Amino acid sequence: MAWTQGQKTKNSYLWMAEQDILAFSDLLLANMPEIIFKPYFSHKEDDYYNNPPTSVSSLHDILTKDIPKNDQYTNKFISQAFTVLPTNHSWGILLFNYNKLYPNHICPSTDFNPYIDTTAYPEEFFSVQASSLGIRWNISDQKNDPHLCALMDQQIKQIWKLLNIVTKPVKCHELITGATRSSPNYRIGKQMYELVKKHYWYIQQGQFYVIE
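Residues numbered from 1 in each chain as written. Predicted model: local features only at pLDDT ≥ 70, side-chain atom pairs only at ≥ 80, totals over all residues. Heavy atoms only, no water.

1. Details of the pairing of strand 4 (residues 92-99)
Using the following cut-off: Think of it in three bands: residues with accessible area under 20% of the maximum for their type are buried, residues over 50% are exposed, and the middle band is partly exposed, with areas taken using a 1.4 Å probe on protein chains only. By the criteria applied, helices consist of DSSP H or I runs no shorter than four residues and strands consist of E runs no shorter than two, each listed in order from the N terminus. By this definition, two strands are paired if DSSP reports at least two bridges between them.
The buried fraction of strand 4 amounts to seven of the eight residues, a majority that puts the element mostly inside the structure. Bridging between strand 3 (residues 78-85) and strand 4 involves eight bridges; their strand directions are antiparallel. Each residue of the ladder has a partner; that of V84, found in strand 4, is I93. What sits between the antiparallel neighbours strand 3 and strand 4 is a turn of six residues, in which N88 has the positive phi angle 70 degrees.

Below is the structure:
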């Protein structure tokens, strides 16, 4: 069966400070203790993702602590955590990509590609790259198990409900064109919002945006 038949996705682009990650992590532990995250390493074998964790770590600990990755795949800028849904099954992998080093100091004259016209940009500025939380699964493979289908939907809805408690919608406009950007998939943590407004940081998801 082709993957596109029955495919469903859920995804959010996020700007979250460490305190926002902690608040989300605490809500998950309090309300959904069955959701257990593991560090994500893209080069691991499939059985790593299908086996339960050998030890329980909070989402906050995985995303914000330096986890040893003594190989060529080490990335000091991004931490990743995952869990499989529904619980104890593996219909879909819920993946959190967290850009843990912020803000980024940007000098367009030296940091941008030479073909980009940098005259409209400030000489230098600070920005926060988007993190993301997303999952993809296929309901066609689950049609014979309505109980697990319902559990999958319930857990995904609850996870995003908790996420929405510690974040709020992003209202912003493009740095260069001034065009308003509005998307239900863009959310910012309460602590990160205060930092962005206080220090006049921009946010980035492809383009650079100014928070309103």
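2. Let's talk about the packing of aromatic side chains
Quick reminder of the rule: Between the rings of Phe, Tyr and Trp (Trp by its six-membered ring), a pair exists once the centres lie within 6.5 Å; its type follows the angle of the planes, with under 30 degrees stacked, over 60 edge-to-face, and the other angles tilted. The criterion for a charge sitting over a ring is simple: Lys NZ or Arg CZ within 6 Å of the ring centre, and within 35 degrees of the ring normal.
Inspection of the entire model under this criterion finds eleven aromatic pairs. Each residue in the set F112, Y121, F125, Y202 and F208 is aromatic and connected to the rest through ring pairs, giving one cluster. The positively charged end of K168 is found above the aromatic ring belonging to Y193, 3.4 Å away from the centroid.

3. Looking at the environment of L195
To keep things clear, this is the line we draw: Contacts between residues were defined by any pair of non-hydrogen atoms, one from each residue, lying within 4.5 Å.
Relative to the helices and strands, L195 is located in helix 6 (residues 190-199). Once the C-alpha coordinates of L195 and P103 are considered, the two residues, 92 residues apart in sequence, prove to be 9.8 Å apart. Once you skip the residues sitting within four places of it in the chain, L195 turns out to touch A17, Y102, Y200 and W201.

4. Considering a positive patch on the surface
The cut-off we apply is this: Residues qualify for a patch when their relative accessible area is over 30% and they have no salt bridge, like charges being joined within 9 Å and the nonpolar side chains of Val, Leu, Ile, Met, Phe, Trp and Tyr within 5 Å. With residues, only the protein chains shown are counted as cover, and all accessible areas are computed by Shrake-Rupley using a 1.4 Å probe. Between Lys or Arg on one side and Asp or Glu on the other, a salt bridge is scored when a side-chain nitrogen of the former is within 4 Å of a carboxyl oxygen of the latter. Asp and Glu are treated as the negative residues and Lys and Arg as the positive ones, with His and the ends of the chain left uncounted. Positions of charges follow a simple convention, taking NZ of Lys, CZ of Arg, CG of Asp or CD of Glu.
Together, K168, K171, K190 and K197 make up a positively charged patch on the protein surface. Summarising the element assignment, K168 is placed in strand 8 (residues 167-169).

5. What to know about the packing of helix 1 (residues 18-31) against helix 5 (residues 146-166)
For the record, the criterion: Helix axes use the C-alpha atoms of the stretch in contact, all axes being lines fitted to C-alpha atoms, and the angles between their N-to-C directions lie in the range 0 to 180 degrees. Angular relationships are summarised with four words: roughly parallel below 35 degrees, roughly antiparallel beyond 145, roughly perpendicular across 65 to 115, and oblique for the angles in between. By convention, the crossing between two helices is left-handed when the near helix turns anticlockwise from the far helix through less than a right angle, and right-handed when the turn is clockwise.
Remark: helix 1 packs on helix 5, axes separated minimally by 9 Å, with the N-to-C direction vectors making an angle of 140 degrees. Classified by the angle their axes make, helix 1 and helix 5 are oblique. Handedness of the helix 1/helix 5 crossing: right-handed. Listed contacts from helix 5 to D20, A23, F24, L27, L28 and N31 of helix 1 are Q158, I159, L162, L163, I165 and V166.

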